[in-house]
Amino acid sequence: MKIIFLSLFLLFNIFAKEVGKVEKVIVDEEEKLVALVQRDNEVLNLKDVGFVVHQNDIIKTYKKSKLKIRFLDDTIIYIGPKTTLEIAKYYYDKENKENNATNLKILNGSFRLKTGKIGELAPEQFKIDTKFSVIGIRG
């Protein structure tokens, strides 16, 4: 019984860190990569669609690479070339809107964003931090 409980606990913790997946990439042909991802004390190569992003990941695209991430609540972010994105906070709870929160930090570069359920359920808890921004609102 203890083994089953421990296995389920570990499995939950592994999947609980996932906040979204990369759905589209444009590879920098010179570097042969899309981005580098700093996760805890590791640096990972983001090479292809399907890469799982976690809370606290810092994603840095190359000179000519781009990517699209879809978060669990269907928020979509398109990250442009030479961009650094930090997923500082991401909590999505379908049942309790008070538990929802997003804080994305764009340290440099360009992005486009379409908010998902968190933006609808708890707009005051959806934050994007930038050093300098130009905003265009459509629709």
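These numbers come from a predicted model, not from an experiment.

*Asks:* Could you clarify how one ought to interpret the sheet that holds strand β2 (residues 35-39) in this entry?
*Replies:* With respect to topology, six strands assemble into an open sheet ordered β3-β2-β5-β8-β9-β11, the strand pairing being mixed. Taken across any chain shown, the strands that pair with only one partner, and hence form the sheet edges, are β3 (42-46) and β11 (126-130). In this sheet, adjacent strand axes meet at a mean angle of 20 degrees when their direction is disregarded. As judged from the three bridges shared by strand β5 (residues 58-61) and strand β8 (residues 84-91), these two strands associate in the antiparallel manner. Opposite I59, over in β8, you have L85 as the bridge partner.

*Asks:* How should the nonpolar core be read in this particular structure?
*Replies:* Note that soluble globular proteins tend to have their nonpolar side chains buried in a common cluster. In terms of nonpolar packing, the biggest core is built from 22 residues, with L46, I59, L67, I69, L85 and I87 touching the most fellow members. Residue assignment for this core shows that the elements contributing at least two residues are β1 (18-26), β2, β6 (66-71), β7 (76-79), β8 and β9 (101-108). Ignoring any residue separated from it by four or fewer positions in sequence, one finds L85 in contact with D57, I58, I59, I69, I77, I79, L104, K105 and I106.

*Asks:* I'm lost on the pairing of β6 in this one. Help?
*Replies:* Look at any regular strand and the pattern is simple: side chains alternate between the two faces of the sheet. Across six bridges, the pairing between β1 and β6 is antiparallel. For K21, the partnering residue across the bridge sits in β6 and is R70. Taken together, the four bridges between β6 and β7 define a ladder with antiparallel strand orientation. Of the residues in β7, the one forming a bridge with R70 is I76.

*Asks:* Would you mind going over the sheet that holds β6 with me for this structure?
*Replies:* The strands making up a sheet associate through backbone hydrogen bonding, with each pair oriented either parallel or antiparallel. The five strands lie next to each other as β4-β1-β6-β7-β10, forming an open sheet whose pairing is antiparallel. Edge positions in the sheet fall to β4 (52-54) and β10 (111-114), since each has one partner strand and no second. Put simply, the sheet's adjacent strands are angled 25 degrees from each other on average, direction ignored. Sheet topology places β7 next to β10; four bridges connect them, and they run antiparallel. Across the sheet, residue Y78 finds its bridge partner in β10, namely R112.

*Asks:* When you look at the side chain of E18 in this model, what are you seeing that I'm missing?
*Replies:* Along the chain, the position of E18 falls in strand β1. Buried within the structure, E18 lacks any salt-bridge partner; K21 is the closest side chain of opposite charge, at an N-O distance of 4.4 Å. Apart from the residues within four sequence positions on either side, E18 is in contact with V52, V53, H54 and L72.

Conventions adopted
Residues numbered from 1 in each chain as written. Predicted model: local features only at pLDDT ≥ 70, side-chain atom pairs only at ≥ 80, totals over all residues. Heavy atoms only, no water. Pairing = 2+ DSSP bridges. Helix = DSSP H or I, 4+ residues; strand = E, 2+ residues; numbered from the N terminus. Axes fitted to C-alpha atoms, helices over the stretch in contact; angles between N-to-C directions. Core = buried A, V, L, I, M, F, W, Y, C linked by side-chain atoms within 4.5 Å. Buried < 20%, exposed > 50% of the residue type's maximum accessible area, 1.4 Å probe, protein only. Contact = heavy atoms within 4.5 Å. Lys, Arg positive; Asp, Glu negative; His and termini not counted. Salt bridge = Lys/Arg side-chain N within 4 Å of Asp/Glu carboxyl O.

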